[in-house]
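Chain by chain, the residues run as shown.
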Amino acid sequence: NELEIPITVCHYPRGTSKWNKIEHRMFSYISLHWKGESLVSYETIVNLISKTRTKTGLRIKAKLDKKKYETGKKVSDVEMDKINLSYHKIQPDLNYTICPTPTKEK
């Protein structure tokens, strides 16, 4: 509502990260690069990922997100009913648009 624009959300079906071509292409290189390394900290993991290169020179940029995110927040059925959702015809459980909720003019 704050942005006053519709937001379309399209999720990949569960277990299909292989559909992400970059992730799929890089995963084997990441695995080979950190082979035998002790993954003792987030910094170690981010550094190993960041130093990964393919034979053709494709690189990965990685950054640790240190932001603390609130967990366990519950959304009531009343709050959910207030969200202006428009489900798509194809895979509506995975594809939908959230439209701004019309407000009464003052």
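Conventions we followed
- Residues numbered from 1 in each chain as written.
- Predicted model: local features only at pLDDT ≥ 70, side-chain atom pairs only at ≥ 80, totals over all residues.
- Heavy atoms only, no water.
- Helix = DSSP H or I, 4+ residues; strand = E, 2+ residues; numbered from the N terminus.
- Buried < 20%, exposed > 50% of the residue type's maximum accessible area, 1.4 Å probe, protein only.
- Polar contact = N/O pair within 3.5 Å; in protein donor to acceptor, adjacent residues only side chain to side chain.
- Contact = heavy atoms within 4.5 Å.
- Arc of directions from axis to C-beta.
- Disulfide = S-S within 2.5 Å.
- Pairing = 2+ DSSP bridges.
- Axes fitted to C-alpha atoms, helices over the stretch in contact; angles between N-to-C directions.
- Patch = residues over 30% accessible without salt bridge, like charges linked within 9 Å, V, L, I, M, F, W, Y side chains within 5 Å.
- Areas by Shrake-Rupley, 256 points an atom, 1.4 Å probe, with all protein chains shown as cover.
- Salt bridge = Lys/Arg side-chain N within 4 Å of Asp/Glu carboxyl O.

Peer 1: What exactly am I supposed to notice about the side chain of Thr97 here?
Peer 2: Secondary-structure assignment places Thr97 in strand E3 (residues 95–99). Judged by its relative accessible area of 13%, Thr97 is buried. One polar contact links Thr97 to Thr8, side chain to side chain, over a distance of 3.0 Å. When neighbours within four sequence positions are excluded, Thr97 is seen to be in contact with Pro6, Ile7, Thr8, Asn84, Leu85, Ser86 and His88.

Peer 1: What am I meant to see in helix H2 (residues 42–50) here?
Peer 2: It helps to recall that an α-helix has 3.6 residues per turn; residues three or four apart then point in one direction. For H2, the complete set of buried residues consists of Val46, Leu48 and Ile49. Each buried residue of H2 lies within a common arc of 165° when the element is viewed along its axis, so the set occupies one face.

Peer 1: For this particular structure, what's the right way to read the state of the cysteines?
Peer 2: Each disulfide consists of one covalent bond between the sulfur atoms belonging to two cysteines. On inspection of all chains with the given rule, the structure shows zero disulfides. Cys10 carries a free sulfur, and the closest cysteine sulfur to it, the one in Cys99, is 13 Å from it. Among the residues examined, Cys99 registers a relative accessible area of 26% and is labelled partly exposed.

Peer 1: Help me understand the side chain of Thr54, please; the structure alone is not making it clear to me.
Peer 2: Considering the arrangement of structural elements, one finds Thr54 in the loop between H2 and helix H3 (77–82). You can call Thr54 buried: its relative accessible area is 8%. A polar contact of 3.1 Å, which involves the side chain of Thr54, links it to the side chain of Thr56. With residues up to four places along the chain from it excluded, the contact list for Thr54 reads Met26 and Tyr29.

Peer 1: How should I be thinking about the sheet that holds strand E2 (residues 84–87) in this particular structure?
Peer 2: Sheet strands pair via backbone hydrogen bonds, and the direction of the pair is either parallel or antiparallel. One open sheet accounts for three strands, arranged E1-E3-E2; its pairing is antiparallel. Either end of the sheet is taken by a strand with one partner, and the two such strands are strand E1 (7–10) and E2. Each neighbouring strand pair of the sheet contributes to a mean axis angle of 25°, computed without reference to strand direction. Pairing of E1 with E3, which is carried by four bridges, proceeds in the antiparallel orientation. Following the sheet pairing, Thr8 is matched in E3 by Thr97.

Peer 1: Help me understand a nonpolar patch on the surface, please; the structure alone is not making it clear to me.
Peer 2: A contiguous nonpolar patch, built from Leu3, Ile5, Ile7, Val75, Met80, Ile83 and Ile98 and spanning about 590 Å² of accessible area, is present on the exposed surface. Tracing the sequence through the fold places Ile7 in strand E1.

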